[in-house]
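Okay, here's what each chain looks like letter by letter:
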Amino acid sequence: MAILPIRITGDPVLHEPAEPVTRFDDELRTLVADMYDTMFAAPGVGLAAPQVGVPLRLFVYNYPDEQGNERRGVAINPELWISPPPTGEADEDTESEGCLSVPGERFPLRRADRALLRAVDLDEKPFEIEASGWFARIFQHEFDHLNGVLYVDRLEFLHHRRATKAVVKRGWGKPGASWLPGVDDLEG
Ligand code: NI
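Thresholds applied
- Residues numbered from 1 in each chain as written.
- Predicted model: local features only at pLDDT ≥ 70, side-chain atom pairs only at ≥ 80, totals over all residues.
- Heavy atoms only, no water.
- Helix = DSSP H or I, 4+ residues; strand = E, 2+ residues; numbered from the N terminus.
- Rg over C-alpha atoms; globule rule 2.2 N^0.38 Å.
- Buried < 20%, exposed > 50% of the residue type's maximum accessible area, 1.4 Å probe, protein only.
- Contact = heavy atoms within 4.5 Å.
- Areas by Shrake-Rupley, 256 points an atom, 1.4 Å probe, with all protein chains shown as cover.
- Expected span 1.5 Å × (residues − 1).
- Donors = N, O, S within 2.8 Å, 3.2 Å for Na, K, Ca; no water.
- Phe/Tyr/Trp six-rings, centres within 6.5 Å; stacked < 30°, edge-to-face > 60°.
- Core = buried A, V, L, I, M, F, W, Y, C linked by side-chain atoms within 4.5 Å.
- Pairing = 2+ DSSP bridges.
- Axes fitted to C-alpha atoms, helices over the stretch in contact; angles between N-to-C directions.
- Lys, Arg positive; Asp, Glu negative; His and termini not counted.
- Salt bridge = Lys/Arg side-chain N within 4 Å of Asp/Glu carboxyl O.

Visitor: Before we move on, could you go through the overall build of the chain and cite the residues and values that matter?
Guide: Check the secondary structure of the chain and you find 3 helices and 9 strands. Counting from the amino terminus, helix and strand elements in the chain follow one another as β-α-β-β-β-β-β-β-β-α-α-β. Relative to a compact globule of 188 residues, whose C-alpha radius of gyration would be 16 Å, the chain shows 16 Å and is just as compact. Counting only C-alpha atoms, the chain reaches 45 × 35 × 30 Å along its principal axes. Out of the 188 residues in the chain, the part that is buried amounts to 47%. By sequence separation, contacts in the chain at least 24 residues apart represent 67% of the contacts at least 6 residues apart. Of the roughly 9600 Å² of accessible surface on the chain, a fraction of 51% belongs to carbon and sulfur atoms.

This is the structure in structure tokens:
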């Protein structure tokens, strides 16, 4: 088991589009296993490869649904369709979204209520998941990471300004910052 350092906003790997996965080998299996360990240790409900410094198109997720069941998995080379299109507004829930690459901060962002994810698993087997609500939010958030987009980039103006101030105050927004779950406490 390996917990990987999580890159913090400002690190270039978080702000550039990731490349498709082409090699489904042991190295990829190890990466995914380490990404699960890192996500559970953080703890988080999703983690994309660029967040651990790997510019590849995959993410892991772990969504506890309303029945208390955990829906976890890995989505490799995903495609995502969402409905309705996002409006870029704030949510009425003022802390609706957070990100392990902007640790300890939360800001409101309205997401599409429904999402259809198509991806392949570690055996290159295609699968499809229809999600709504929070689960759909996780997919939209993680999919954004693969295109070099952080949720704070999507915030409505006033919240975007608050987020930018918070990032400056914490000394982030430049290359090289990371934190290690289980070692660094960056909540609150
Ligand atoms: Ni994130």
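Once you've had a look at it, read on.
Visitor: Lay out helix H2 (residues 133–146) with the relevant residues and their values.
Guide: An α-helical turn contains 3.6 residues, so any two residues separated by three or four positions project in the same direction. Counted at 1.5 Å a residue, the expected span for H2 with its 14 residues is 20 Å, and the 21 Å between its end C-alpha atoms agrees. The buried fraction of H2 is high, at 12 of 14 residues. As for H2, its buried residues are in contact with strand S2 (46–48), strand S3 (58–64), strand S4 (70–83), strand S5 (97–98), strand S7 (114–120) and strand S8 (126–132). Where H2 ends, the next residue or the one after it, Gly-148, has phi of about 75°, a positive value.

Visitor: Any details on the coordination of the nickel ion? Residues and values, ideally.
Guide: The protein atoms donating to the nickel ion are Cys-99 (SG), His-141 (NE2) and His-145 (NE2), with metal-donor distances spanning 2.1 to 2.3 Å. Considered as a linear motif, the donors of the nickel ion on their single chain read C-x41-H-x3-H. Here His-141 pairs with His-145, and both are found in helix H2, just 4 residues apart, close to one helical turn. By the burial criterion, His-141 is buried, and His-145 matches it.

Visitor: Explain helix H1 (residues 26–41) residue by residue, including any values.
Guide: The terminal C-alpha atoms of H1, which comprises 16 residues, lie 22 Å apart, in line with the 22 Å expected from a rise of 1.5 Å per residue. Those residues of H1 lying buried are Leu-28, Leu-31, Val-32, Asp-34, Met-35, Tyr-36, Asp-37, Thr-38 and Met-39.

Visitor: An account of the packing of aromatic side chains is needed here, citing residue identities and associated values.
Guide: For any two aromatic rings, the description comes down to two numbers: the centre-to-centre distance and the angle of the planes. Under the counting rule described, the total for this entry stands at 8 aromatic pairs. Arranged with centres 6.1 Å apart and planes meeting at 45°, the rings of Phe-59 and Phe-139 form a pair that is tilted. Within this pair, whereas Phe-59 is found in strand S3, its partner Phe-139 is found in helix H2, the two being separated by 80 residues in sequence. When sorted by exposure, Phe-59 lands in the same class as Phe-139, which is buried. Members of the aromatic cluster, joined through ring pairs, are Phe-59, Tyr-61, Tyr-63, Trp-134, Phe-135 and Phe-139.

Visitor: Before we move on, can you summarise the nonpolar core with the specific residues and values?
Guide: The biggest cluster of nonpolar side chains holds 36 residues, and the ones touching the most others in it are Met-35, Leu-47, Leu-58, Val-60, Val-74, Ile-76 and Val-152. Listed by contribution, the elements that provide at least two residues to this core are H1, S3, S4 and helix H3 (157–169). Looking at this core element by element, the count peaks at 6 residues for H1. In contact with Met-35, other than residues within four places in its own chain, are Leu-47, Ala-48, Ala-49, Val-52, Leu-58, Phe-59 and Val-60. In terms of nonpolar packing, the next biggest core, distinct from the first, is built from 17 residues, Phe-59, Ala-115, Leu-117 and Phe-143 among them.

Visitor: Which residues make up the sheet that holds S3, and what values go with them?
Guide: One key point about sheets: their strands pair by backbone hydrogen bonds, in either a parallel or an antiparallel sense. Strands sit in the order S2-S3-S4-S7-S8 across an open sheet of 5 strands; the sheet is antiparallel. Only two strands of the sheet have a single partner each, and these edge strands are S2 and S8. Direction aside, the axes of adjacent strands within the sheet are offset by 40° on average. Taken strand by strand, H1 contacts S2, S3 and S4, and its axis lies near 40° from that of S3. Across the sheet, H2 lies against S2, S3, S4, S7 and S8, angled at about 160° from S3, the strand it touches most.

Visitor: Account for the side chain of Asp-34, naming residues and giving values.
Guide: Position of Asp-34 relative to the elements: it lies in helix H1. Among buried charged residues, Asp-34 stands out as having no salt bridge; its nearest opposite-charge side chain is Arg-7, 13 Å away.

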